[in-house]
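Observations on the model geometry
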Amino acid sequence: MSWRGRDVVSMRDFSRGDLEVLFERAREMERYARSGLDVLRGRVMAVAFFEPSTRTRLSFETAMKRLGGEVVGFSSAEGTSVEKGETFSDTIRMLDAYADVIVVRHRLEGAARLAAEIAQSPVVNAGDGSFNHPTQAMLDLYTIWREKGRIDGLKIGIMGDLKYARTVNSLLEGLSLFDVEIALISPEFLRPRQETLDYVQSRGLRLRAYTRLEEALGELDVLYVVRIQKERFLDPLEFERVKGSYKLTAESLRGAKDDLIVLHPLPRVDELDASVDRTRHAAYFRQAAYGVPLRMALLSLVLS
Ligand code: NCD
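The residue numbers shown here count from 1 along each chain, following its written sequence. Confidence filtering applies because this is a predicted model: local features only for residues at pLDDT of at least 70, side-chain atom pairs given and counted only at 80 or more, and all residues used for totals across whole chains, interfaces and linings. Only hydrogens and water are set aside when side-chain values are computed; all heavy atoms of the structure are taken into account.

1. Brief notes about the site of the ligand
Applied cut-off: Here a residue counts as near a molecule or strand whenever at least one of its heavy atoms sits within 4 Å of it. The definition of a polar contact used here is a pair of N or O atoms within 3.5 Å, where within protein one atom must be able to donate a hydrogen and the other to accept one, and adjacent residues in sequence count solely through side-chain atom pairs. Note on areas: Shrake-Rupley, 1.4 Å probe, and residue coverage restricted to the protein chains presented here. Throughout, the ten residues Ala, Val, Leu, Ile, Met, Phe, Trp, Tyr, Cys and Pro are labelled nonpolar, Asp, Glu, Lys and Arg are labelled charged, and all others, Gly among them, are labelled polar.
Surveying the vicinity of the ligand reveals the residues Thr56, Arg105, His133, Gln136, Arg166, Thr167, Arg227, Gln229, Pro265, Leu266 and Pro267. Histidine 133 places a polar side-chain atom, nitrogen or oxygen, 2.8 Å from an oxygen atom of the ligand. In this structure, arginine 227 approaches the ligand through a side-chain N or O atom, which is 2.8 Å from an oxygen atom. Isolated, the ligand exposes 320 Å² of accessible area, and the fraction of that covered by the protein chains is 94%. When the residues that make up the shell around the ligand are grouped by side-chain class, the tally is three nonpolar, five polar and three charged.

The structure is reproduced here in structure tokens:
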């Protein structure tokens, strides 16, 4: 299916072929991530961020500007008519009248799907609730493909809050398009939701669950770490129970394969120690930097 005019709401809407097209384009865009490429002149991207963000919003904005386009929007509902009681639907309707593509981030699951139903322009989900963050998953998969030269055949560990982290949910959905083995490493209580497990397993993804990193580490080609999503816990006592329950340090990576890469969507809090930055395994800052060419590729495919 062509990328043109498409909404990007969930990883489930994309095929392996779609991702391969995106990766090839992102690889080309790496050359223009600084110098720019004037292909979206006169086009406008609206960013509607109802939840905090650093990398996702700034890499989208940088990508649009490097392609010669313009950016309008807001990075928090504060200062917009939402404070006067304007509904989400009306806000999206207005942005749709102004812009050629709308990038939305929201605290509530389903917000991006709703926006896509309302807007004529393509809507890109920049994270809604604890379920979907498709462009981060595309970036994560691109980083693996770029750094390892392939995705098939790899053993990939995913460690941390696998229940509330939307990046993990979208990444698992994306990985189910490839022939990989997954080690889920988390406290029992933070395993992915059953619906996600059922979905990815029905697509042939091979999963094993561990509670301790040491049990899985030696086999891994990639280790993806996520922060405990404190703001998504319904019960603060639940958070207290798991807070600090895992932490990756340079020391804990002894026993890893030489060419293991460590990824993290960032921001990190205390689950990924700064001592890892100096190891050959750290790939998360390169991962964040790939956000610009990857999003240049995505915008150029959707808008051209
Ligand atoms: C993530 C998010 O917002 O879901 N950040 C990001 O987009 N890179 C991860 C997180 O907040 O932990």
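Moving on, there is more to tell.
2. Some words on the sheet that holds strand β4 (residues 123-128)
Stated formally: Following DSSP output, two strands are said to pair if at least two bridges run between them. Numbering goes from the N terminus for both helices and strands, where a helix is a DSSP run of H or I of at least four residues and a strand is a run of E of at least two. Between N-to-C directions, angles cover 0 to 180 degrees, with each direction set by a line fitted to C-alpha atoms, over the stretch in contact for helices.
If you walk across this open sheet you meet the four strands as β2-β1-β3-β4, and the pairing is parallel. In this open sheet, the two edge strands, each paired with only one partner strand, are β2 (70-74) and β4. Taking each pair of neighbouring strands and ignoring which way they run, the sheet shows an average axis angle of 15 degrees. Alignment of strand β1 (residues 44-49) against strand β3 (residues 101-106), held across five bridges, turns out to be parallel. When the sheet's bridge partners are listed, alanine 48 is paired in β3 with valine 104.

3. Structural notes on the side chain of threonine 56
Our working rule: Relative accessible area decides the class of each residue, using a 1.4 Å probe on protein chains only: under 20% of the type maximum gives buried, over 50% gives exposed, and in between gives partly exposed. Every residue pair with non-hydrogen atoms within 4.5 Å of one another is taken to be in contact.
Structurally, threonine 56 can be placed in helix α2 (residues 55-66). According to the relative accessible area criterion, threonine 56 is buried, its value standing at 5%. Dropping the residues within four chain positions of it, threonine 56 is found in contact with Phe49, Arg105, Ala126, His133, Gln136 and Arg295.

4. Some thoughts on the sheet that holds strand β8 (residues 222-225)
Sheet strands line up and pair through hydrogen bonds in the backbone, either parallel or antiparallel. Pairing is parallel in the open sheet, where five strands are placed in the order β7-β6-β5-β8-β9. Edge positions in the sheet fall to β7 (206-210) and β9 (261-263), since each of these pairs with one other strand and no more. Geometrically, the sheet is characterised by an average inter-axis angle of 20 degrees between neighbouring strands, direction not taken into account. The sheet contact formed by β8 and β9 spans three bridges and is parallel. Of the residues in β9, the one forming a bridge with tyrosine 224 is leucine 263. The sheet strands contacting helix α5 (residues 134-148) are β5 (155-159), β8 and β9, and the helix crosses β9 at an angle near 165 degrees.

5. Focus on the pattern of salt bridges
The following threshold applies: By definition, a salt bridge exists where a carboxyl oxygen of Asp or Glu is found within 4 Å of a side-chain nitrogen of Lys or Arg.
By the definition in use, this model includes 30 salt bridges. The shortest N-O distance in the salt bridge between glutamate 147 and arginine 286 comes to 2.8 Å. Linking glutamate 147 in helix α5 with arginine 286 in helix α9 (residues 284-289), this pair joins segments that are 139 residues apart in sequence. On the basis of relative accessible area, glutamate 147 is assigned to the partly exposed category, the value being 26%.

6. Thoughts on the packing of helix α1 (residues 16-29) against α5
What counts, and what does not: Just so you know how the angles are binned, under 35 degrees is roughly parallel, over 145 roughly antiparallel, 65 to 115 roughly perpendicular, and the rest oblique. With the far helix as reference, a near helix turned anticlockwise by less than a right angle produces a left-handed crossing, and one turned clockwise produces a right-handed crossing.
It is at 10 Å that the axes of α1 and α5 come closest, and there the two elements cross at 70 degrees. Between α1 and α5, the interaxial angle falls into the category roughly perpendicular. Here α1 and α5 pass one another in a crossing that is right-handed. Where α1 abuts α5, its residues Leu19, Leu22, Phe23, Glu24, Ala26 and Arg27 lie against Met138, Leu141, Tyr142, Trp145 and Arg146. Looking at side-chain class alone, the contact of α1 with α5 contains eight nonpolar, no polar and three charged residues.

7. Brief notes about the environment of arginine 12
With respect to the element layout, arginine 12 can be found in the segment before α1. Overall, the relative accessible area of 26% leaves arginine 12 in the partly exposed class. Note: C-alpha distance between arginine 12 and proline 134 (122 residues apart in sequence) is 8.9 Å. Residues contacting arginine 12, with those up to four places away along its chain left out, are Phe131, Glu173, Glu195, Thr196 and Tyr199.

8. Some words on the packing of helix α6 (residues 166-175) against helix α7 (residues 194-202)
Contact geometry of α6 with α7 gives a least axis separation of 9 Å together with a crossing angle of 15 degrees. One way to sum up the angle between α6 and α7 is to call them roughly parallel. Like other packed secondary-structure pairs, α6 and α7 cross with a definite hand, here left-handed. Taken together, the residues of α7 that come into contact with α6 (itself represented by Asn169, Leu172 and Glu173) are Thr196, Tyr199 and Val200. Partitioning the contact of α6 with α7 into residue classes produces three nonpolar, two polar and one charged.

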